[in-house]
Amino acid sequence: MVVRTKGARCRNRAIFIRKFPKNKKENMAASTTSSFPTSQEGVATSSQQNLDAITDDDFEYVDEEFVLSHSAEQQAQPEPMIPDLFKQPSLVKDDLITATSQLQDQTVEHCLPFLTGEDGPLDLNDYGLPKLNREKHIKFLKQSLGPLPGRFVAVDASRPWYLYWCLSGLTMMGEDVSSYRDSVIETARTMQNESGGFGGGHGQTSHLATTYAVILAIALVGGEEAYDVIDKKAMWKWLCSLKQPDGGFQVCVGGEEDIRGAYIAAVIITLLDLPLDLTPESPAYDGRSNLLTGLAEYVRSCQTFEGGISSQPNNEAHGAYAFCALACLAILDNPRRIIPSYLDVPRLISWLSYRQYAPEGGFSGRTNKLVDGCYSHWAGGCFPLIEACLSPSGPGSEKNKTATGLAAAPESLYSREGLIRYILCCCQDQTKRGGLRDKPYKMSDPYHTNYVLSGLSSAQHQWDLDSDPLPLPNGDTTPSLAALGADSVWNVFPYIDENDQIYEDSDRVRPIHPAYAIPQKNVNAIRAYFQGRSGFASTLGGE
């Protein structure tokens with residue numbers, strides 16, 4: 001009969017029941033031959049005399065399989081298996097034992113049963129992977145958009161994020177979220193302040209993080225009525241009040257200035273087609289600067305000695321801030337030109353590469369920290385942007401060099417297989433709850449569900465730039481007069497592994513834009529709408 005085994009292809013095999021003595025020394029009869037010789041067919045045989053002396057209570061029964069036959073093609077083809085890298089603890093270990101190293105060992109112990117398919121009776125494919133449980137995850141996200149238990153009052157200020165996380169996750173799994181348009185419109189209106197921007201709820205202070213979440217949620221549901229909720233003029237004035245003389249942005253009036261503000265400001269400015277002029281009241285106003293002035297320089301100041309990116313200059317490098325830095329630069333200008341111009345790319349690649357662990361396959365967010373499913377996006381999502389900046393430029397360019405002289409990336413810079421294994425094996429909540437999670441012993445939540453799916457999307461797709469850098473206006477050396485990167489043409493293709501695809505085609509999720517983190521068609525739609533609106537530019541001097 002044909003039986004599918006975990007982590008192996010289908011093959012012909014037979015199952016036999018074989019009896020073994022529980023205590024060989026006491027039960028096996030003294031003989032010059034084995035008491036239980038086995039025939040070629042695998043049937044246990046022995047002399048009748050020995051069997052009469054031993055009862056069934058003295059035996060335990062073990063299933064044993066024997067391959068009956070293989071075709072010539074099957075015999076020549078090696079049996080697929082989970083790579084050793086992902087099914088055993090790391091062979092390289094530090095002799096120094098600390099609380100951190102012990103926690104890392106415990107995490108590996110938790111993950112290995114899931115990575116090797118020993119965690120439960122799941123249906124695994126030929127490569128030892130379970131399917132993406134779309135039905136459960138979709139149900140989980142839809143429930144998270146509904147009324148929540150009273151304990152969720154603690155995250156009341158994160159309501160905009162719940163909108164984005166759930167709508168984004170549903171979109172990546174192929175759901176049409178336009179049916180949520182009216183609810184998003186009604187909710188967003190209560191969160192918008194007359195002074196510009198969106199808070200976490202009615203009457204709450206406007207913040208760049210919650211504004212980013214609301215705008216992306218509006219972009220996901222789409223439609224002119226949803227776009228019209230955004231007070232574009234008030235948004236522009238509010239952003240001007242956050243712009244700082246050193247080029248960065250505060251996340252709220254009087255709040256901290258960090259790399260999140262730089263990225264989110266670039267997203268808002270380009271999606272809403274905001275004017276770049278500064279109001280005289282802006283802290284950065286000097287008659288010459290604008291909203292983009294010094295922004296790339298601020299991003300550069302956040303790269304650390306390790307090569308990673310910190311929230312602010314001289315802080316600790318973090319995976320999420322690396323994504324913010326790269327995505328911000330990719331919006332400001334073509335990644336082929338701007339990323340190598342403002343960041344030490346080789347050191348950044350080195351730091352990011354050390355964030356991916358084996359055997360887990362997932363990413364950590366900081367040096368000496370544990371893997372976490374959300375960094376599938378925050379760290380894993382950095383690589384499409386880096387690979388884009390390392391892609392050859394122009395028809396006459398050398399195939400092994402980029403326009404900036406850096407070596408081109410001939411293949412993926414990280415283990416896509418490792419990340420996909422971690423996501424499908426360790427991050428799925430296989431209980432009736434559904435959703436995706438940080439790691440096996442954590443609970444699923446909308447935040448991790450969205451960013452784990454984002455990382456899966458990134459690993460399953462290949463993004464290529466279809467345009468060379470445009471000349472900077474007026475010979476400018478920095479992208480301060482226009483966000484040219486927002487107009488870069490990106491093409492996306494399913495990533496095809498040169499060896500073999502380890503997941504089913506039905507487990508592929510939808511692609512999202514490598515910088516905006518929503519589908520490209522949604523980016524194009526909201527940008528086209530605001531670029532087509534007239535009247536705002538003529539009111540810059542008013543009020």
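Just so it is clear, the structure is predicted and the values come from calculations on it, not from any experiment.

Chemist: Any chance you could break down the packing of aromatic side chains for me, citing the residues and the numbers?
Modeler: Here the structure, examined in full by the defined rule, presents 19 aromatic pairs. Seen in terms of ring centroids, W161 and W165 are 5.7 Å apart; in terms of plane orientation they differ by 25 degrees. Their pairing is stacked. Placement of the pair is W161 and W165 together in helix α6 (residues 159–172), with a separation of four residues, close to one helical turn. Taken individually, W161 and W165 each receive the classification buried, so the pair is uniform in this respect. Taken together, a centroid distance of 6.3 Å and an interplanar angle of 75 degrees make the contact between W463 and W490 edge-to-face. In this pair, W463 is assigned in strand β4 (residues 461–465) and W490 in strand β5 (residues 490–494), connecting sequence segments 27 residues apart. A single burial state applies to W463 and to W490, both of which are buried. Among the aromatic residues, those joined into a ring-pair cluster are F152, W161, Y162, Y164, W165, Y212, Y263, F323, W378, Y447 and Y451.

Chemist: An account of helix α10 (residues 232–242) is needed here, citing residue identities and associated values.
Modeler: A large share of α10 lies buried, amounting to nine of its 11 residues. Burial in α10 covers these residues: K232, K233, A234, M235, W236, W238, L239, C240 and L242. In this structure, the buried side of α10 is in contact with α8 (208–221), α11 (259–271) and α20 (520–531).

Chemist: Can you lay out the packing of helix α5 (residues 134–144) against α6 for me, pointing to particular residues and giving the numbers?
Modeler: Between α5 and α6, the least distance of the axes is 9 Å, while the angle of their chain directions is 155 degrees. Of the possible angle classes, the one that applies to α5 and α6 is roughly antiparallel. For α5 against α6, the interelement crossing comes out left-handed. Here I138, L141, K142 and S144 of α5 lie close against α6, whose contacting residues are Y162, C166, G169 and L170. Each residue belonging to the contact of α5 with α6 can be placed in one class, and the counts come to five nonpolar, two polar and one charged.

Chemist: Please provide a residue-by-residue account of the side chain of Q356, values included.
Modeler: Along the chain, Q356 turns up in the loop between α15 (345–353) and α16 (375–378). Judged by relative accessible area, Q356 falls into the buried class, the value being 18%. Polar contacts involving the side chain of Q356 include one to the main-chain carbonyl oxygen of S415, which spans 2.9 Å.

Chemist: Describe the pattern of salt bridges, and please don't skip the residues or the numbers.
Modeler: Across all of its chains, the model carries 14 salt bridges by this definition. With a closest N to O distance of 3.4 Å, R347 and D344 form a salt bridge. The salt bridge involving E417 is made with R421; its shortest N-O contact spans 2.9 Å. With E417 and R421 both in helix α18 (residues 416–426), this residue pair falls four residues apart, about one helical turn. On the basis of relative accessible area, E417 is assigned to the partly exposed category, the value being 22%. Given a relative accessible area of 1%, R421 falls into the buried group.

Chemist: Tell me about the state of the cysteines, and please be specific about residues and values.
Modeler: For the coordinates displayed, the defined rule picks out zero disulfides. Left unpaired, C425 is separated from the closest cysteine sulfur, that of C426, by 5.9 Å.

Parameters at a glance
Residues numbered from 1 in each chain as written. Predicted model: local features only at pLDDT ≥ 70, side-chain atom pairs only at ≥ 80, totals over all residues. Heavy atoms only, no water. Phe/Tyr/Trp six-rings, centres within 6.5 Å; stacked < 30°, edge-to-face > 60°. Helix = DSSP H or I, 4+ residues; strand = E, 2+ residues; numbered from the N terminus. Buried < 20%, exposed > 50% of the residue type's maximum accessible area, 1.4 Å probe, protein only. Contact = heavy atoms within 4.5 Å. Axes fitted to C-alpha atoms, helices over the stretch in contact; angles between N-to-C directions. Parallel < 35°, antiparallel > 145°, perpendicular 65-115°, else oblique. Left-handed = near helix turned anticlockwise from the far one by under 90°. Nonpolar A, V, L, I, M, F, W, Y, C, P; charged D, E, K, R; others polar. Polar contact = N/O pair within 3.5 Å; in protein donor to acceptor, adjacent residues only side chain to side chain. Salt bridge = Lys/Arg side-chain N within 4 Å of Asp/Glu carboxyl O. Disulfide = S-S within 2.5 Å.

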